[in-house]
Amino acid sequence: MANRKRYTQIAELLQRRIHQGDYTGKPLPSEEFLAMETGVSRMTARRAILHLMDQGIITRQPGSRAVPNDKNKSILPSLAMLTPACSSESITRWRYDIERTASEMNLRVRPVEYVHEDDPSIRETLDEYQGVFFVPTAKLPKLIESWQDYRAKLMCISADLTHLHIPSIWDFPPQGADMVLEHMYEIGCRNVMCLNVQPMDTVINAWIDSYQRWVKRHNLTEHMHDTPRALLSRGACEEATNEFKNNPGKYDGVFATTLPAALGSIRAAHNCGLKIGKEMAVATVDGGVFFREYLPDITCVDAPDLVPVIKRAIEWILGKSRSKQNPGMLVPDVLKLYKGESTLGF
């Protein structure tokens, strides 16, 4: 009796995993692995597998491992979020907003990570899910143009891949960079360095373009420093320190393309005896989650409400939007500038 209860518990565990989408696109574990994982004999693990087969929940061909029956695959995790294996504050923020929005729509999102740009898990995910939110790295996959041939509707997030006909959600579009730069002009900055220490991608490129347009619009001198570094904040600090020391009094502001570049610039200004926000203004576009908690707090675009735009993206993926056409670029309805001590001083 006790042994029967044990195998039914394992069967229920597997059934819950199937419902959660844990075995989407891949087979169930082998009897040997399942026995080791749950601490039972291989015979008990086999009984659990056979129990699910008798119920029609899973099927197994001779010589292969069991897979969920097509009629019993989870209908909840029809969406996936495909992200680089190295997590970040931005990815965590996106995942929270996407999962929260999907939950409100009675959907579930399955997180999937890829190690490199040609990882087979990318193809498997695009083939298994109805819709995929994709976070690209600076180096795009070589086969990305063929992704339209897979089952999933693809939505890029935090970047612009519309030139590849992939609809995209941009949380901090170029309009945000324009807001930051105009604020710097309004407080009197006329010699602003644009500092980038990150590999070039569509986001960085767009913000640099915004800076260059701003310089031309106001008849200012361009001071572009594009030097990708492995150690982002430290590299920014070294770059800015060299500039401040070699050219005293030349700059009155730094437009940093990323938060690490902004933090490195603030440290460099402090090391050179410059008063932050008074003698040297520093601002960026995306200040991350904790921009208010830094000292000084960072002038940047306030984190926008992404729920409405994520909801529109999901409706398009599910075929519930008014238009069935590629939605192109989706951006937040409202962008607000947070004016911090890094430009206004203490």
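Preceding this paragraph is the structure being described.
Cut-offs applied
Residues numbered from 1 in each chain as written. Predicted model: local features only at pLDDT ≥ 70, side-chain atom pairs only at ≥ 80, totals over all residues. Heavy atoms only, no water. Axes fitted to C-alpha atoms, helices over the stretch in contact; angles between N-to-C directions. Helix = DSSP H or I, 4+ residues; strand = E, 2+ residues; numbered from the N terminus. Parallel < 35°, antiparallel > 145°, perpendicular 65-115°, else oblique. Left-handed = near helix turned anticlockwise from the far one by under 90°. Contact = heavy atoms within 4.5 Å. Nonpolar A, V, L, I, M, F, W, Y, C, P; charged D, E, K, R; others polar. Phe/Tyr/Trp six-rings, centres within 6.5 Å; stacked < 30°, edge-to-face > 60°. Lys NZ or Arg CZ within 6 Å of the ring centre and 35° of its normal. Buried < 20%, exposed > 50% of the residue type's maximum accessible area, 1.4 Å probe, protein only. Expected span 1.5 Å × (residues − 1). Pairing = 2+ DSSP bridges. Right-handed = clockwise from strand over helix to strand, strands pointing away.

## What to know about the packing of helix α4 (residues 89-104) against helix α10 (residues 307-317)
- Between α4 and α10, the shortest axis-to-axis distance is 9 Å and the interhelical angle comes to 60°. Looking at the two axes, α4 sits oblique to α10. α10 is crossed by α4, and the crossing has right-handed handedness. Packed against α4, whose contacting residues are Trp94, Asp97, Ile98, Arg100, Thr101, Ala102 and Glu104, the element α10 presents Val307, Ile310, Lys311 and Ile314 at the interface.
- Of the residues that constitute the contact of α4 with α10, the class distribution is six nonpolar, one polar and four charged.

## Re the packing of aromatic side chains
- Scanning the entire structure with this criterion turns up seven aromatic pairs.
- Among the aromatic residues, ring-to-ring pairing joins Tyr185, Tyr211, Trp214 and Phe255 into one connected group.
- Directly above the ring of Trp316 sits Lys153, whose terminal nitrogen or CZ lies 4.8 Å from the centroid.
- Over the ring of Tyr185 we find Arg190; its NZ or CZ atom is 3.6 Å from the centre of that ring.

## A few points about the packing of helix α8 (residues 232-246) against helix α9 (residues 259-271)
- At a closest axis distance of 7 Å, the pairing of α8 and α9 adopts a crossing angle of 40°. In terms of orientation, α8 and α9 fall into the oblique class. For α8 against α9, the interelement crossing comes out right-handed. Where α8 abuts α9, its residues Leu232, Ser233, Ala236, Cys237, Ala240, Thr241 and Phe244 lie against Pro260, Ala261, Leu263, Gly264, Ser265, Arg267, Ala268, Ala269 and Asn271.

## Brief notes about unusual backbone geometry
- Cis geometry is found at the peptide bond from Leu295 to Pro296, where omega equals 0°.
- Relative to the helices and strands, Pro296 resides in the loop between β11 (281-286) and β12 (299-301).
- The phi angle at Asn106 is positive, at roughly 60°, despite the residue not being glycine.
- The topology assignment puts Asn106 in the loop between α4 and β4 (109-114).
- Judged by relative accessible area, which is 60%, Asn106 ranks as exposed.

## Quick look at helix α6 (residues 174-186)
- Between the first and last C-alpha of α6 there are 19 Å, a value that for 13 residues agrees with the 18 Å anticipated at 1.5 Å per step.
- Regarding α6, the residues found buried are Pro174, Gly176, Ala177, Val180, Leu181, His183 and Met184.

## Considering the pairing of strand β9 (residues 223-226)
- Side-chain alternation along β9 places His223 and His225 on a buried face and Met224 and Asp226 on a face that remains uncovered.
- Here strand β8 (residues 192-196) runs beside β9; their pairing, made up of four bridges, is parallel. Among the inter-strand pairings, Cys194 is bridged to a residue of β9, identified as Met224.
- Since β8 and β9 lie parallel, the crossover through helix α7 (residues 202-217) that links them has a hand, and here it is right-handed.

## Regarding the pairing of β8
- For β8, the buried fraction is high: five of the five residues fall into the buried class.
- Across the two faces of β8 the burial is the same, with Val192, Cys194 and Asn196 and Met193 and Leu195 all buried.
- Of the strand pairs in this sheet, β8 and strand β10 (residues 253-256) are connected by four bridges, and their pairing is parallel. Each bridged residue has a counterpart across the sheet, and for Met193 the counterpart in β10 is Val254.

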